[in-house]
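Structural characterization, general
Here is what each chain is made of, one letter per residue.
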Amino acid sequence: MSAASYLSSEDQFLCSICLDVFTDPVSTPCGHNFCKNCIAEHWNTSDRCQCPLCKEGFNTRPDLRINTFISEMVAQFRQSAQQKTSSSEQQESKPGEVPCDVCTGTKLKALKSCLVCLASYCETHLEPHLTASRLKRHQLIDPVENLEDRMCTKHDKPLELFCKTDQTCVCTLCPVLDHKTHEFVPLKEEYEGKKVELKKTEAEIQQMIQKRRLKIQEIKHSVDLSEEDADREKAEGVQVFTDLKESVERRLNELIKTIEEKKKTTEKQAEAFIKELEQEISALKKRSTEVVQLSLSEDHLHLLQSVQSSNIHHPPPTKDWTKVSVPPSYEGTVRRAVVQLEETLSKEIKKLLGAELKRIQKFSVGVTLDPDTAHPELILSAHGKQVKDGNVKKNLPNNPERFSFFNCVLGKQSFSSGRFYFEVQVKGKTEWNLGVVRESINRKGFSLSPQDGYWTICLRKGNEYKAVEDDHVLLSLESQPQKVGVFVDYEEGLVSFYDVDAAALIYSFTGCSFKDKLFPFFCPGVSYGGKNTAPLIICPVNQTV
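Read on for a plain summary of the structure. Note that the coordinates shown come from a computational prediction; the quantities given were computed from them, not determined experimentally.

Counting secondary structure elements, the protein contains nine helices and 21 strands. By its C-alpha atoms, the protein is 180 × 75 × 50 Å across when sized along the principal axes. Scored against the burial criterion, the 545 residues of the protein give a buried share of 33%. Within the protein, contacts between residues separated by at least 24 positions form 56% of all contacts whose residues are at least 6 apart in sequence. In the structure as shown, the protein presents an accessible area of about 34,600 Å², 52% of it carried by carbon and sulfur atoms. Separation between the mean location of the 72 positive side-chain charges and that of the 78 negative ones in the protein comes to 4 Å.

Shown next as structure tokens:
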């Protein structure tokens, strides 16, 4: 890329922190550029060492050095800008620009206006005001039109004072004649005050601009991430459904093959039976012929002797065919194939849930318990990560934030946008409630439904799991969770609970409407005479699970 194309856009040389042209530009490891002092001051006042634009964090503070390439480009830009300014100083005045009042013929562009002479001057005609001692005392300002407007219309005197009472500019005679009881200050003094205010306003506006530029970068970065996530999800979806399609086709082929094999086996068995029956029929026909021939004999002695000496009255040995059959044997074939396919689908779903949980765990946040919200019977650990029932009500202030009906406690951290995730160990407990609640819940009341701002699941009687809806939903779990993960997508209106060890989804609240802050919610349940004394423990998230 040529230097000319670099110099064509001032935005390329603006620091996104101070919004001015770079001074000693440095580059962060993620590739973004800032003034050296700006980024250093930003990190000095920030809790985390991260890029202000893309939010990439750095474990150790980078040792930043001046980017000589960008520094040279900035110098070229400044030189070019100065040359442009210098070349335009003696240009002919254009429409909208203040012309020199002294020039005859072609009017050059004025560089300054004199508040004493009430005239504007180009560079040539301004020279006396810069060299003559009597003119040096005149007040010069950037060129303005209609200098007569700077004269008092009543007294034809320069406007040199500011009436704070009427908030208007006046001449030196106005206080004596028209504004006797008003408060006045020199125009310069009011100017300096207003300049300070304007500078403050400008700083605020620039700060607003900076925040919005950073927000634009953040949104663009979010769009990039969204695109990456969408591409990944599409690729994963195509792969999963391709595998499922292949699995279904494979199972279908196996089913057809099984049926065909059974059909062939049946046909072979039938053929064997038919052959055996035909052999018996042949033997019986032979015996029938013998019987017919003997019965036609007219030799009395021969017939009697033949009957006595042979087994002609008895049929040849044959099989009892009354219980022999070749029934169809296809019952249950399709059902067994579908059951096998269902098992395959269950394994695929479990793999998907495992991958989903890994992605969700990237949104893990630090959560600590808020003692100001804890029911008086609860015992919180010193580090704010464990809570259990103490079975003894402590004498604590009944402030509005504190739960007084259920033995519950909230996390200190609140969330009003985005996605967040945390994990809680429930091992050894026979009763608990977990989830999130909105800030405006009634902490002195009874209801725990989503309609009242609670999105929770619970364990009762040691093995009865429920989603706490308006009508409790009984949950059927393959195993008892020892650690529960809670995930919230604020914009999506989603609250999901996971069995962390089994990488299985327990339950999801969908279509939720979140309008205010959400807080993590913990209820360890009562101790029941020592049966439920194990604490709820907020655990660090192990993202390698």
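Within the open sheet, the six strands sit side by side as β11-β20-β13-β14-β15-β16. Their pairing is antiparallel. Each of the sheet's edge strands pairs with one partner strand only, and the pair in question is β11 (409-410) and β16 (473-475). Where strand β15 (residues 464-467) and β16 come together, three bridges link them in antiparallel fashion. Directly across from Y465, in β16, lies its bridge partner L475.

Spatial strand order, β7-β6-β8: three strands in an open sheet with antiparallel pairing. A strand with exactly one partner marks an edge of an open sheet, and here the two such strands are β7 (168-170) and β8 (184-186). Adjacent strand axes in the sheet meet at a mean angle of 35 degrees, parallel and antiparallel pairs treated alike. Its contacts with the sheet place helix α7 (residues 187-295) against β6 (161-163), β7 and β8, and it is angled at close to 85 degrees to β8.

The subject of this paragraph is the packing of aromatic side chains. Under the criterion given, the structure shown has 14 aromatic pairs. Relative to F420, the ring of F415 has its centre 3.9 Å away and its plane inclined at 15 degrees; by these criteria the two rings are stacked. When sorted by exposure, F415 lands in the same class as F420, which is buried. Three or more aromatic residues joined by ring pairs make a cluster, and in this case those are F403, Y454 and F521. When the ring centre of W321 is taken as reference, the NZ or CZ atom of K319 above it lies at 4.8 Å. Just above the ring of F403 sits the side chain of R443; from NZ or CZ to the centre is 6.0 Å.

With that settled, consider the nonpolar core. Across soluble globular proteins, nonpolar side chains show a tendency to be buried alongside one another. Core analysis: the largest hydrophobic core is formed by 35 residues, its most contacted members being W432, V484 and F522. Among all residues touching W432, those that are not within four sequence positions of it are V426, I457, C458, L459, R460, Y465, V484, C523, P524 and L536. Among the nonpolar cores identified, the runner-up in size contains 23 residues, and F13, W43, C49 and F77 belong to it.

Attention shifts here to a nonpolar patch on the surface. There is a patch of nonpolar side chains on the surface, built from L173, V176 and L177 and spanning about 250 Å² of accessible area. Topologically, L173 is positioned in the loop between β7 and α6 (174-177). You can call L173 partly exposed: its relative accessible area is 32%.

This next bit is on the packing of α7 against helix α9 (residues 333-360). To describe two helices that pack against each other, one gives the angle between their axes and the distance between the axes. α9 packs onto α7 with a crossing angle of 165 degrees between their chain directions and a minimal axis gap of 10 Å. With respect to α9, the axis of α7 lies roughly antiparallel. Handedness of the α7/α9 crossing: right-handed. Counting all contacts with α7, which are made through R232, E233, E236, V240, L244, S247, V248, R251, L255, T258, I259 and K262, the residues of α9 involved are T333, V334, R336, A337, Q340, L341, T344, L345, E348, L352, A355 and R359. Of the residues that constitute the contact of α7 with α9, the class distribution is eleven nonpolar, five polar and eight charged.

Turning next to the pattern of salt bridges. Following the criterion strictly, the structure yields 14 salt bridges and no others. Notably, a salt bridge pairs K215 with E218, separated by 3.2 Å at the nearest N-O pair. Of the two residues, K215 and E218 both sit in helix α7, three residues apart, roughly one turn of that helix. K215 gets classed as partly exposed once you look at its relative accessible area, which sits at 41%. For E218, a relative accessible area of 30% puts it in the partly exposed group. With a shortest N-O distance of 3.6 Å, E233 and R232 are connected by a salt bridge.

What follows deals with the layout of surface pockets. Roughly 1,500 Å³ of volume is contained in the largest pocket. Along its surface, the largest pocket is lined by 29 residues, and L225, D229, F363, G418 and R419 are the ones closest to its centre. Elements represented by at least two residues in the lining of the largest pocket include exactly α7, α9, β17 (483-489) and β18 (494-499). When residues in the lining of the largest pocket are grouped by element, the largest group, eight residues, is from α7. Classifying every residue of the lining of the largest pocket by side-chain character gives eight nonpolar, eight polar and 13 charged. Looking at the lining of the second largest pocket, the element that brings in the most residues is α7, giving six residues.

Cut-offs and rules
Residues numbered from 1 in each chain as written. Predicted model: local features only at pLDDT ≥ 70, side-chain atom pairs only at ≥ 80, totals over all residues. Heavy atoms only, no water. Helix = DSSP H or I, 4+ residues; strand = E, 2+ residues; numbered from the N terminus. Buried < 20%, exposed > 50% of the residue type's maximum accessible area, 1.4 Å probe, protein only. Contact = heavy atoms within 4.5 Å. Areas by Shrake-Rupley, 256 points an atom, 1.4 Å probe, with all protein chains shown as cover. Lys, Arg positive; Asp, Glu negative; His and termini not counted. Charge placed at Lys NZ, Arg CZ, Asp CG, Glu CD. Pairing = 2+ DSSP bridges. Axes fitted to C-alpha atoms, helices over the stretch in contact; angles between N-to-C directions. Phe/Tyr/Trp six-rings, centres within 6.5 Å; stacked < 30°, edge-to-face > 60°. Lys NZ or Arg CZ within 6 Å of the ring centre and 35° of its normal. Core = buried A, V, L, I, M, F, W, Y, C linked by side-chain atoms within 4.5 Å. Patch = residues over 30% accessible without salt bridge, like charges linked within 9 Å, V, L, I, M, F, W, Y side chains within 5 Å. Salt bridge = Lys/Arg side-chain N within 4 Å of Asp/Glu carboxyl O. Parallel < 35°, antiparallel > 145°, perpendicular 65-115°, else oblique. Left-handed = near helix turned anticlockwise from the far one by under 90°. Nonpolar A, V, L, I, M, F, W, Y, C, P; charged D, E, K, R; others polar. 1 Å grid on protein atoms, 1.4 Å probe; cavity = no way out; pocket = protein on both sides within 12 Å on 5 of 7 lines; lining within 4 Å. Points joined across faces, edges and corners; volume = space filled by probe spheres on them.

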